[in-house]
Amino acid sequence: YQRTAVSGYLGKGLPVGQFSDSRDGYGNHADGAIDWAVEIEHFAGRTASIGFSIANTEYSDKDDPALKTQVSTYSGFVRIVVPTATAIRPYLRFGMGGVQLEFLDPESREDSDYEFSLQGGGGLLWLPVRWLGFNAQALYYHGDTDDSVVFTTPEEIVVVGFDTEYWAFSAGVSLFFP
């Protein structure tokens, strides 16, 4: 039962908390951003795996679609699969790692420093054959980006000013190797 899986996910991101707040100094990000992730994980048995994920989502500003925020997350995770008598298995997943924001407008781009991030959620894994799996999952991401430095000048230090929080609802395909 020790197997390695490589997975790809595609879905939608839903900003919450300060990340979606329209007040000045907050995120003001619109719903429905495209979210993608690529992962590799190793199943140590039937019910547990440990892995690494690279996820990326690009949000548009609610008021000015030319302004965008790209969220890049790099994290390790643990997946706990609930054994069932069927080919469909529910799972819980928890991870932590780093997150970076990149602010884009038609004339410039600015990257923030990497900050600590957490993720958690669950989903369903359908294994129609031993080497192929289909996933549907909902993951909550929280990035501690409030004080993350975007750039500094002799006169000022510019920080993100809000924590990055969003839900990612996605579907994926996993290839399992013996």
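Remember, predicted model here, so these are calculated numbers, not experimental data.

A. Up close: the nonpolar core. Judged by nonpolar contacts, the single largest core of 23 residues is most densely connected at Phe19, Tyr59, Val71, Tyr141 and Tyr166. Every element with two or more residues in this core is listed here: strand E1 (3-15), strand E2 (33-43), strand E3 (48-60), strand E4 (68-81), strand E5 (88-104), strand E7 (115-129), strand E8 (132-143) and strand E11 (164-177). The residues touching phenylalanine 19, leaving out its near neighbours within four places in the chain, are Gly27, Asn28, His29, Tyr59, Thr69, Val71, Phe162, Asp163, Thr164, Glu165 and Tyr166.

B. Main features of the packing of aromatic side chains. Overall, the coordinates contain 10 aromatic pairs when judged by the stated rule. For the pair phenylalanine 19 and tyrosine 59, a centre-to-centre distance of 5.0 Å together with 85° between the ring planes defines the contact as edge-to-face. You can see phenylalanine 19 sitting in the loop between E1 and E2 and its partner tyrosine 59 sitting in strand E3, a full 40 residues away along the chain. Both residues of the pair, phenylalanine 19 and tyrosine 59, belong to the buried class. Between tyrosine 141 and tyrosine 166, the aromatic rings sit 4.8 Å apart at their centres with planes inclined by 10°, giving stacked as the arrangement. You can see tyrosine 141 sitting in strand E8 and its partner tyrosine 166 sitting in strand E11, a full 25 residues away along the chain. On the basis of relative accessibility, which here comes to 5%, the residue tyrosine 141 falls in the buried class. Through a chain of ring-to-ring contacts, the aromatic side chains of Phe19, Tyr59, Tyr141, Phe162 and Tyr166 assemble into a single cluster. Between arginine 79 and the ring centre of tyrosine 91, over which it is positioned, the NZ or CZ distance is 4.3 Å. One residue, arginine 93, lies across the ring of phenylalanine 77, its end atom 3.9 Å from the ring centre.

C. Seen up close, the environment of threonine 4. Within the element layout of this structure, threonine 4 appears in strand E1. The exposure class assigned to threonine 4 is partly exposed, which follows from its relative accessible area of 26%. Sequence separation between threonine 4 and valine 81 is 77 residues, and the spatial gap between their C-alpha atoms is 15 Å. With sequence-adjacent residues up to four places away left out, threonine 4 is seen in contact with Ile40, Glu41, His42, Leu175, Phe176 and Phe177. Reaching out from threonine 4, the side chain makes a polar contact with the side chain of histidine 42 at a distance of 3.0 Å.

Rules of the game
- Residue numbers run consecutively from 1 along every chain, following the written order of its sequence.
- For this predicted model, a pLDDT threshold of at least 70 governs which residues receive local features, and a threshold of 80 or more governs which side-chain atom pairs are given and counted, while totals over whole chains, interfaces and linings are taken from all residues.
- Derived side-chain values reflect all non-hydrogen atoms in the structure, with water molecules and hydrogen atoms excluded from consideration.
- Note on terminology: a nonpolar core comprises buried Ala, Val, Leu, Ile, Met, Phe, Trp, Tyr and Cys residues joined through side-chain atoms within 4.5 Å.
- The classification of residues rests on relative accessible area computed with a 1.4 Å probe and restricted to protein chains. Under 20% of the type maximum is buried, over 50% is exposed, and intermediate values are partly exposed.
- Under the DSSP-based scheme used, a helix requires at least four consecutive residues in state H or I and a strand at least two consecutive residues in state E, with every element numbered from the N terminus.
- Contact between two residues is taken to exist if any of their heavy atoms lie within 4.5 Å; hydrogens are not considered.
- For Phe, Tyr and Trp, rings pair up if their centres lie within 6.5 Å, where Trp contributes its six-membered ring, and each pair is then called stacked (planes under 30 degrees apart), edge-to-face (over 60) or tilted (otherwise).
- We count a charge as sitting over a ring when the NZ of a lysine or the CZ of an arginine lies within 6 Å of the ring centre and within 35 degrees of the ring normal.
- Contacts described as polar in this section are N or O atom pairs within 3.5 Å, which, within protein, must combine one atom able to donate a hydrogen with one able to accept it, while residues neighboring in sequence count only if both atoms come from side chains.

Distances and angles like these do not, on their own, reveal function.
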